[in-house]
Amino acid sequence: MGIGFSAKSFQLLEELRDNCNREWYLEHKPEILEHCVDPFRFLLECVTRELSDHSIRLSGGKQTMFRLNRDVRFSKDKSPYNHHISGTLTRSGSKNEQGGLVYLRLDPTGGMLGGGYYGLTAKRMGSIRDRILAEPEAFQDMVDHLAEHDLVFGKEDSLTNMPRGYSQQSEHELAWALRMKNFIIRRDMKRNDWKGDGVVEMIADFAKVVTPVLDFGLVSVEGT
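In what follows, the accompanying structure is described.

The antiparallel open sheet is built from four strands, whose spatial order is β1-β2-β3-β4. Strands with a single pairing partner mark the edges of an open sheet, and in this sheet they are β1 (85-90) and β4 (183-189). Taking each pair of neighbouring strands and ignoring which way they run, the sheet shows an average axis angle of 15 degrees. For β1 and strand β2 (residues 101-107), the ladder comprises six bridges, and the chain directions are antiparallel. In the sheet register, S86 faces β2, and the bridge partner there is R105. Across the sheet, helix α7 (residues 199-209) is in contact with β1, β2, β3 (110-117) and β4; its angle to β4 comes to roughly 160 degrees.

What follows is about helix α1 (residues 7-18). Taking 1.5 Å as the rise per residue, α1 with 12 residues should run 16 Å; its terminal C-alpha atoms sit 17 Å apart, in good agreement. Among the residues making up α1, those that are buried are S9, F10, L12, L13 and L16. In a view along the axis of α1, the buried residues occupy a sector of 155 degrees, so they form one face of it. Among the exposed residues of α1, those pointing more than 90 degrees away from its buried face are A7 and D18. For α1, the secondary structure elements touched by its buried residues are α2 (22-50), β1, β2, β3 and α6 (191-195).

Cut-offs used in this document
Residues numbered from 1 in each chain as written. Predicted model: local features only at pLDDT ≥ 70, side-chain atom pairs only at ≥ 80, totals over all residues. Heavy atoms only, no water. Pairing = 2+ DSSP bridges. Helix = DSSP H or I, 4+ residues; strand = E, 2+ residues; numbered from the N terminus. Axes fitted to C-alpha atoms, helices over the stretch in contact; angles between N-to-C directions. Contact = heavy atoms within 4.5 Å. Expected span 1.5 Å × (residues − 1). Buried < 20%, exposed > 50% of the residue type's maximum accessible area, 1.4 Å probe, protein only. Arc of directions from axis to C-beta.

Spelled out as structure tokens, the structure:
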């Protein structure tokens, strides 16, 4: 038996995207809860149980899900609702997590999984860069480990030039890693990935594979 996602789940998210207004949302809110929000919460709880004996006991549930309502006060996009369902698995079991996380996002196209550290301050990212330079072999071993599972660090948001304080490392073999602004692994998800019976194991396996990334980045927390 699957988690509860179906074609109806994605249909509702598509319609929310195309009818992003309060009237439509309130009319369809019970369906969105039934077909999107509640299965997502259940999924987080199932993955938590699956990871209960893993070295990093990541956990999540209703308390680690993000709201559909958007804060538009400082955004050019005034759409009142997100058209995706998202949440995290963290060491603390809360959204206020500094020790890395696994992120899940269900959207009209399918969605994605992410693992690592996102939106870091320059100081925290600097701590990770320093560790990359101090332990290049350990970092490369981690990169090779990820590659065995068809995963790579996201470079889409990397700096064009070397970050301040690292210009002398522009010829370093890991210069590409020093230019990263985030320390994150991403895996795209198809619609059928969510609807299949194996989605819990799929996400738990992803979490296990990216565990070294969460551990490596802990220096950015311990160093603050």
